[in-house]
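# Commentary on secondary and tertiary structure
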Amino acid sequence: MKRRGWLLLGGWCVLLLAGVAWIESGLKVSADLRLFMPAPRTEEQRLLVQNIGESPASRLLLVALGNDEPATLAALSRSLSARLRQHPEFGLVANGDQAPLAIPEVLLPYRYLITDSFDAAPLDRVRLAAELEERAADMASPAASLLEEWLPRDPTLEMLHLANLWQPRAEPHQFDGVWFSADGRRALLLVETHAAAFDPDGQTLALDALRAEFQQLRGSSPATLTVSGSGYFSSVIKNRTQSEATWFGTAATLGMIALMWAAYRRFGFTLLGALPLLSAALAGLAVVAALFDSVHGITLAFGFTLIGVAQDYPIHLFSHLRPGQDPVITARRVWPPLATGVASTCIAYLAFLVSGVTGLAQLACLTVTGLAVAGLTTRFLLPRIVPPSERDPADSAPLARLDARIGRLPRPYFLLILVPLAAVAVLLLRPVGFWQNDLSKLTPVPTELLREDAALRREMATPDLRYLLVASGASEDAVLTRLEALDPSLSTAAAAGTIADYDHAARYLPSADLQRRRQAALPEATELRSALQETLAALPFENELFEPFVQDVAKARDLPPLTRAALSDTPLALRVASELFQREGHWYGLVSLFGVHDPAAMAALAAAHPGITFLDLKSASEQLVAAQRSYIILCLGVAALLLVVVIWIALRRWSRVLRVLAPMVLTTLVIIALLRACGVSLSLFHLVSLVLAAGLGLDYALFFEHAADDAAEQRRTLHALLVCSLSTLMVFALLALSTVPILQAIGITVSLGVISNFLLALLLTRERA
Amino acid sequence: MTTGFVEYRFSHLLKKPLRVSGQLEYRADGVMVRKVESPYQETTEATADQVRMTRAGKTTRTVSLQRAPQLRVLLGSFRALLEGRLQPLATDFELELREEAALWTLSLTPRDDKLRKYLARIEVFGRGGQPGCLEAVEPDGDGTLTLLGAPAPPATPPPSRAELERACRAGLPGPAT
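About the thresholds
- Residues numbered from 1 in each chain as written.
- Chains lettered and ligands numbered in written order.
- Predicted model: local features only at pLDDT ≥ 70, side-chain atom pairs only at ≥ 80, totals over all residues.
- Helix = DSSP H or I, 4+ residues; strand = E, 2+ residues; numbered from the N terminus.
- Rg over C-alpha atoms; globule rule 2.2 N^0.38 Å.
- Contact = placed C-beta atoms within 7 Å.
- Buried ≥ 20, exposed ≤ 12 C-beta atoms within 10 Å, placed from the backbone.
- Pairing = 2+ DSSP bridges.
- Expected span 1.5 Å × (residues − 1).
- Arc of directions from axis to C-beta.
- Nonpolar A, V, L, I, M, F, W, Y, C, P; charged D, E, K, R; others polar.
- Core = buried A, V, L, I, M, F, W, Y, C linked by C-beta atoms within 7 Å.
- Axes fitted to C-alpha atoms, helices over the stretch in contact; angles between N-to-C directions.
- Parallel < 35°, antiparallel > 145°, perpendicular 65-115°, else oblique.
- Left-handed = near helix turned anticlockwise from the far one by under 90°.
- pLDDT = per-residue confidence, 0-100.

The helix and strand tally for chain B stands at 4 helices and 11 strands. What you see for chain B is a C-alpha radius of gyration of 16 Å, in line with the 16 Å of a compact globule of 177 residues. In terms of its C-alpha atoms, chain B occupies a principal-axis envelope of roughly 40 × 40 × 35 Å. The long-range share in chain B, meaning contacts at least 24 apart out of those at least 6 apart in sequence, stands at 28%.

Now the structure itself:
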């Protein structure tokens, strides 16, 4: 290499390093799956997108401690939950050892504004007499000593009433004061993470903290920790995907080095061949980092897979190098088909840029930038630094023999008719399940984990993950008022068995209006005192005993209504905060549902109340994905037309255009037909993979077409495309072996595409020498 | 196993002690039943995990013992007493037995701090193989005294707490019977 070449290479490397530094400082990797959901348009869609992975139910981790004596496990459960409550990663931590939810001492007078005890009949003389008569009998009951402490202040037992009201209808079994499984062998805990369920990094942090605390507290006990829940699954899936992707990446890199060596026998070629790809990745990342706040991990992983196509570009250059020709001249000669290929592939990915899905737009940005940079690097940088070629692939004897044999093969033009017919037949035979709308099917949870999850959920009575009611309004109070209006219907539904139970913020925090009405109905102090005096004459209680009660009622009459803010730092705050919150200037109240037996009835119930929305997170997200896909397909259609225009501009003759497009179009049909024949439903990832395969097919056809009827040039092109297709096939065949469905889907789709595209381009596009 | 009982409740919240009488029953299925017959009707049934109280003409109240651990220990100790098993008693209470000829007193002091807030000790007074009185003493001096199987003392004039305790210690039948 000449001095100028070294300088160029050095300068380029400095540029790449600068790119690395820029990316390091500007790129935030996120794991928010909502980046792959369309931007919400309606109110319902906005609620849906907000609640996926963020509802209180989805943020719960189910924890079981087992494999030791119950007493040891109970102690471990107590110490573990005490520690976790101190951790910033966790919100509510429940294991059954806490006192029932109660009003904090400072807010006690508020109980007369929170309780529904006097809604039907006011706290008058008659009511008071009946209550006190009961209390007198209670004084002679076995529970007397427990009641005595609060009796002077709370003779109508409102604290007990509220504690009962707030108690979940179903609770796990108990042993030694903490939750246990029914068989008494596992201590159970519910832990709420602050990280959303779809945030595998946040979930991994929380899980690590949980495991570390457990290890430390366990000491020498053989106790084991079992965790389940949506967040745990997302962490497991992410780690598995990452470890497989790393493994495949390493294997593919080694394979690529071996292949490059076998093809060119020059170490320099192997090294320099990586330069366009490296430049592509860095440039793509830099642009994404500059344009977006954060980039999704899937965008990165998938984007690098798509950019991997750029590995073909230096191969085209290298295979066309020959002794005696300046590499710059060679580069100029391969540039027309290369540039056409890059431009048309970029156009296809641009369709994703306008798809309205942030994750796909990032993917498009990364890929388009990357491919363009790789193309330009191959055209302008590589020829100036590549060492001069010592042999011409066109002179290779085995290649010449192979070429001759291919030349004798028949041209299967009948496929132009047969493939579309076969594809139509397959689609007619399998009309159902063409599209896969369920995003979770792409990252399925292993069945043994699902079984464990179901078992733990049966024991713990956790809220439903799929169904949810949402009240929305302009203010905190508007939302509470709507929840109050809804509550009688919910109560009826629970009694009728439509749902097992429900929970919402208004059960703890009534609306200001309701609180004021209750205030107005409370008796004045003098009135209450005289009623007490009259009643106590016939009862065994001391005469002045209930003065603290009179004081509390008097205070309650003058209090400003209780608000969410006033609850802060109380046990009630944690509960209310996750059920009542503000987003983008709007207030939302979630109604958690337990054991939904009749979703349709809940939907009807929501429809009957203004401001209440019934969310079926699963079916609504599927509809959203489906609607969005129609739009993406429309974009792809427009992109396909543009692509034809670009190719026409490059080739200028319809017969050439058709020969170049035929392999790609037929291959797309072949892949879809084969996948459908095997019963595979197509997902968004299949769609992107089809575009990737089509891009490859276009490249192959363009190069075969470009070689025209020049025999030496045809052999060089054959050499290049053999290396290209073998390397691509190697990478994607490896991915097809993956156990992670996303990776597998990409691997199978592209592998089929490489084989079909190569063969069809070879037989349909290439001219006879 | 059924026995009559008379129970006095002494409390600083009350102008005068309360007195109820009725039947105590320990059924074969393990359910303890406390039936108040006078001055009003009330039935309390305690199973291993819940207590249900029904008052004539009023609604039934149910308390899960999961949520009232102190009550569970208390009821558990009664059950153990009724079955004459000391082992479960000893886990929750410090036991002390004083004997004088045929008379004996078993004193139970709770080990659990939370329970000690409500209950200082229980004393069981007995003669021979039969417990005759049960006194629960609370930390503030309030308490409940239950006479078992004894013929009911007349309601008026009410005996004082001291008189009742003396009678229990001396072995029933008690005062003013």
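On we go.
This part covers the overall build of chain A. Helices and strands together make up the secondary structure of chain A, namely 28 helices and 13 strands. Seen along its three principal axes, the alpha-carbon backbone of chain A occupies a region of about 120 × 55 × 45 Å. Taking all 769 residues of chain A together, 45% fall into the buried category. Within chain A, contacts between residues separated by at least 24 positions form 83% of all contacts whose residues are at least 6 apart in sequence.

Looking now at the environment of A:Gly66. Following the sequence through the fold, A:Gly66 ends up in strand β2 (residues 60–66). Distance from A:Gly66 to A:Ser181, taken between C-alpha atoms, is 9.8 Å for residues 115 residues apart in sequence.

All names here are of chain B. Sheet topology note: the strand β1 (residues 2–10)/strand β2 (residues 18–26) ladder contains 8 bridges and is antiparallel. When the bridges of β2 are listed, Tyr8 appears paired with Arg19. Relative to strand β3 (residues 32–38), β2 runs antiparallel, the two sharing 6 bridges. Bridging across to β3, Gln23 finds its partner in Lys35. Connecting β2 to the next strand, β3, in antiparallel fashion are 5 residues, including Gly30 with a positive phi near 90°.

Before going further, it helps to examine helix α5 (residues 125–139) of chain A. Since the α-helix advances by 3.6 residues per turn, residues separated by three or four positions end up pointing in the same direction. For α5(A), which comprises 15 residues, the first-to-last C-alpha distance of 21 Å matches the rise-based estimate of 21 Å (1.5 Å per residue) to within 8%. Those residues of α5(A) that fall on the buried side of the exposure criterion are A:Leu128, A:Leu132, A:Arg135, A:Asp138 and A:Met139. Down the axis of α5(A), the buried set is contained in an arc of 105°. They therefore lie on one face. On its buried face, α5(A) sits against α6 (144–148) and α20 (525–536) of chain A together with β1 and β2 of chain B.

We now examine unusual backbone geometry. A cis amide bond links B:Ser38 to the next residue, B:Pro39, at an omega of 10°. By the secondary structure assignment, B:Pro39 is in the loop between β3 and β4 (42–46). The backbone phi angle of A:Leu157 is positive, close to 55°, even though this residue is not glycine. Turning to its location among the elements, A:Leu157 is positioned in the loop between α6 and α7 (158–166). Even without glycine at this site, A:Arg652 takes up a positive phi of about 65°. Positionally, A:Arg652 belongs in the loop between α24 (617–651) and α25 (654–677).

Below, the discussion takes up the interface of chain B and chain A. Each partner contributes to the interface: chain B provides 23 residues, whereas chain A provides 18 residues. Sorting the residues of the side of chain B that touches chain A by element identifies β1, β2, β4, β5 (50–55) and α1 (69–83) of chain B as the ones contributing at least two each. The dominant element in the side of chain B that touches chain A, judged by the number of residues it contributes, is α1(B), at 3 residues. Considered class by class, the residues forming the side of chain B that touches chain A number 10 nonpolar, 4 polar and 9 charged.

All right, on to the nonpolar core then. Core analysis: the largest hydrophobic core is formed by 151 residues, its most contacted members being A:Ala280, A:Leu371, A:Leu468 and A:Leu469. Of all hydrophobic cores here, the second largest spans 39 residues; its members include A:Leu190, A:Phe214, A:Val236 and A:Ile237.

Below, the discussion takes up the sheet that holds strand β8 (residues 103–110) of chain B. Residues and elements named next belong to chain B. Pairing is antiparallel across the open sheet formed by 11 strands, whose spatial order is β6-β5-β4-β3-β2-β1-β11-β10-β9-β8-β7. Every interior strand has two partners, whereas the edge strands, β6 (60–64) and β7 (93–100), have only one. When the angles between neighbouring strand axes are averaged without regard to direction, this sheet yields 20°. Bridge analysis of β3 against β4 gives 5 bridges, and the strand direction is antiparallel. From the neighbouring strand, Lys35 faces β4, where its bridge partner is Thr43.

Quick look at the packing of helix α9 (residues 230–264) of chain A against helix α27 (residues 711–736) of chain A now. Residue and element names in this part refer to chain A. Look at α9 against α27: their axes get within 10 Å of each other, and the N-to-C directions meet at 160°. The angle between α9 and α27 places the two elements in the roughly antiparallel class. Judged by the twist between their axes, the crossing of α9 over α27 is right-handed. Contacts between α9 and α27 involve Phe248, Ala251, Ala252, Gly255, Met256, Leu259 and Ala263 from the first element and Val723, Leu726, Ser727, Met730, Val731, Leu734 and Leu735 from the second.

Moving on to the pairing of β7(B). In this sheet, β8(B) lies alongside β7(B) in antiparallel orientation, the contact comprising 8 bridges. Each bridged residue has a counterpart across the sheet, and for B:Arg98 the counterpart in β8(B) is B:Thr105.

Turning our eyes to something else, we now look at the confidence of the model for chain B. For chain B, per-residue confidence averages 84 on the pLDDT scale, and residues scoring 70 or more make up 91% of the total. Averaged pLDDT values over the elements of chain B bottom out at 80 in α1(B) and peak at 92 in β4(B).

Residue and element names in this part refer to chain A. At a minimum axis distance of 9 Å, the contact between helix α1 (residues 3–26) and helix α10 (residues 267–291) shows a crossing angle of 35°. By crossing handedness, the relation of α1 to α10 is classed as left-handed. Taking contact as the criterion, the partners of Leu16, Gly19, Val20, Trp22, Ile23 and Gly26 in α1 are, on α10, Leu278, Ser279, Leu282, Ala283, Leu285, Ala286, Ala289 and Ala290. Taken together, the residues of the contact of α1 with α10 sort by class into 11 nonpolar, 3 polar and no charged.

Looking now at the environment of A:Gly184. Residues and elements named next belong to chain A. Here Gly184 lies in the loop between β5 (178–180) and β6 (187–193). By C-beta crowding, Gly184 is classed as exposed, having 12 other C-beta atoms within 10 Å. Measuring from C-alpha to C-alpha, the distance between Gly184 and Ala604 comes to 40 Å, with 420 residues separating the pair along the chain. Leaving out residues up to four positions away in the same chain, Gly184 has contacts with Pro70 and Phe175.

A word on the environment of B:Ala120. As for its position among the elements, B:Ala120 is in the loop between α3 (113–116) and β9 (121–127). Beyond its immediate stretch of four places on either side in the chain, B:Ala120 contacts B:Val137, B:Glu138 and B:Pro139.

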